[in-house]
Amino acid sequence: MPGSALGATPSTGGVAPPDPARATAVTCLSGETWACRRTQEITVTGTGLDRVNRVVFLGGKGKRDDRAARPTSSAPTELSVPVPKGARTGPLRLVVPGGRATRSKRRLRIIPGRPPQVDIDSPTVDLAPGEPLVAGSRKRAVLRYSAPAPTTVSAVRLSDGAVVRTWPVAAGDGEVRWDGTVERVVVPPGRYALRLAGPQTAGTASTDAVLVHDAIFPIRGKHNFGYGATNDFGGERNHGGQDLFAACGTPLVAVRPSVVQFADFQSRAGNYVVLQDATGQSYAYMHLRDPSLVKKGAKVRAGQRVGYVGETGRATGCHLHFELWTAPGWYTGGVAIDPLPELRRWAAFS
């Protein structure tokens, strides 16, 4: 973005250098301002941030304890970047192409200890009008009602009128929230509505139709589905999953509400995490840039961040090796199946 000429120097007809990138505020993923734990992500707000290609976390005197990271996303007034391992309390240096850099006026305080586990009990959010619902995510379809007597609210599939879930409700004003699951199992994709049975004295007797999706695509950024047969399931080398290529640092999320079945490092898989849903089906994510953000036994929502694309282990290029296993799960009696049809379906709507 062109800037104004400096001082009283007359214009020569060229373009002045762009204004430098500046950080005015920093917020950690866990909510702290100008404070965060290593491996968590911070959001930097300011100006000129879309040109930043590297953030240096400055430590003490000298460069020995400086650590650098690349933004995972950026816009003119906001960028996101993970706090590197080994980062120490200190200012941030924002680096743009050509070597120009600016330093934040405030220091980012590094909080000691491991990042807190974010699980399925994190706060929920109501759907916006017309917004689709990813089953098992933080979002909720909401019916607010006023009933003259005790009655029920039902979640109804509109394609055939089937009632998939029912809630008893007391007389008076109330509301029902639904995340698109029944006993933590996601419902089939389609259009649903919440309906109040019997007469009502005021308010809404039914929600508008809500489009429910049964999963979300695991990579939240630009990606492709591989470069040939060697990246596909099966083949001559008996490949156990699908390779999906994306830039290192691209966020990865849980495709469905799950429990973390495994999270570890292995020489071939690198950093990996395996999620298992309520039906026993497993989803394996391999070659993560860093150790998984969620630990074994933790509950995760659909769409919850679990890691970042990387190339750890036996990997060539930044990519996600994704496996889909039938119940009872990954190396616990299940069978690996080709995930590509499901991946393409999920990518079509998410």
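Everything here concerns the structure above.
Worth saying up front: this structure is predicted, and the values here are computed from it rather than measured.

Peer 1: How would you sum up the overall build of the chain? Please name residues and give values.
Peer 2: The secondary structure content of the chain amounts to one helix and 30 strands. Split into buried and exposed, the 350 residues of the chain put 44% on the buried side. Sequence-distant contacts in the chain: of pairs separated by 6 or more residues, those separated by 24 or more amount to 60%. Surface summary for the chain: the accessible area is close to 17,500 Å², and the carbon and sulfur share equals 53%.

Peer 1: So what about the environment of Val96? Which residues, and what values?
Peer 2: By the element assignment, Val96 lies in the loop between strand S8 (92-95) and strand S9 (101-103). In this structure, the C-alpha to C-alpha distance between Val96 and Val55, residues 41 residues apart in sequence, is 9.1 Å. If sequence neighbours within four positions are ignored, Val96 has contacts with Ala21, Arg51, Val52 and Asn53.

Peer 1: Go over empty space enclosed by the protein, please, and point to the residues and values.
Peer 2: Throughout the structure, instances matching the rule amount to one cavity of 30 Å³ or more. Approximately 30 Å³ is the volume attributed to the largest cavity. Around the largest cavity, the lining residues are Arg184, Val185, Val186, Arg256, Pro257, Asp277, Ala278 and Thr279. Its residues assigned to classes, the lining of the largest cavity comprises four nonpolar, one polar and three charged.

Peer 1: Would you mind going over the pattern of salt bridges in detail, with residue names and values included?
Peer 2: According to the stated counting rule, one finds 13 salt bridges in the structure shown. In this structure, Arg289 and Asp290 form a salt bridge, with 2.7 Å as the shortest nitrogen-oxygen distance. Residue class for Arg289 comes out partly exposed when judged on its relative accessible area of 24%. Owing to a relative accessible area of 18%, Asp290 belongs among the buried residues under this scheme.

Peer 1: Please set out the sheet that holds strand S3 (residues 41-47) residue by residue, giving values where relevant.
Peer 2: Spatially, S1-S3-S7-S6 is the arrangement adopted by the four strands of the open sheet, whose pairing is antiparallel. Whereas interior strands pair on both sides, the edge strands pair on one side only; in this sheet they are strand S1 (22-28) and strand S6 (73-75). Across the sheet, the mean angle separating the axes of adjacent strands is 25° when strand polarity is ignored.

Peer 1: Tell me about the state of the cysteines, and please be specific about residues and values.
Peer 2: This model, assessed by the stated rule, comprises two disulfides. With its sulfur 2.0 Å from that of its partner, Cys248 forms a disulfide with Cys318. Because the sign of the S-S torsion sets the handedness, a value of about -95° for the bond joining Cys248 and Cys318 places this disulfide among the left-handed ones. With Cys248 in the loop between strand S22 (242-245) and strand S23 (251-253) and Cys318 in the loop between strand S28 (305-308) and strand S29 (319-325), this residue pair connects regions lying 70 residues apart in the sequence. By sequence-ordered numbering of the bonded cysteines, the chain has its disulfides arranged as 1-2, 3-4.

Peer 1: Account for the packing of aromatic side chains, with residues named and values stated.
Peer 2: The tally for this structure, following the rule as stated, stands at nine aromatic pairs. Here the aromatic cluster, defined as three or more aromatic residues joined through ring pairs, consists of Phe262, Tyr272, Trp325, Trp330 and Tyr331. Above the plane of the ring of Phe225 lies Arg344, whose end atom (NZ or CZ) is 4.5 Å from the centre.

What counts and how
Residues numbered from 1 in each chain as written. Predicted model: local features only at pLDDT ≥ 70, side-chain atom pairs only at ≥ 80, totals over all residues. Heavy atoms only, no water. Helix = DSSP H or I, 4+ residues; strand = E, 2+ residues; numbered from the N terminus. Buried < 20%, exposed > 50% of the residue type's maximum accessible area, 1.4 Å probe, protein only. Contact = heavy atoms within 4.5 Å. Areas by Shrake-Rupley, 256 points an atom, 1.4 Å probe, with all protein chains shown as cover. 1 Å grid on protein atoms, 1.4 Å probe; cavity = no way out; pocket = protein on both sides within 12 Å on 5 of 7 lines; lining within 4 Å. Points joined across faces, edges and corners; volume = space filled by probe spheres on them. Nonpolar A, V, L, I, M, F, W, Y, C, P; charged D, E, K, R; others polar. Salt bridge = Lys/Arg side-chain N within 4 Å of Asp/Glu carboxyl O. Pairing = 2+ DSSP bridges. Axes fitted to C-alpha atoms, helices over the stretch in contact; angles between N-to-C directions. Disulfide = S-S within 2.5 Å. Phe/Tyr/Trp six-rings, centres within 6.5 Å; stacked < 30°, edge-to-face > 60°. Lys NZ or Arg CZ within 6 Å of the ring centre and 35° of its normal.

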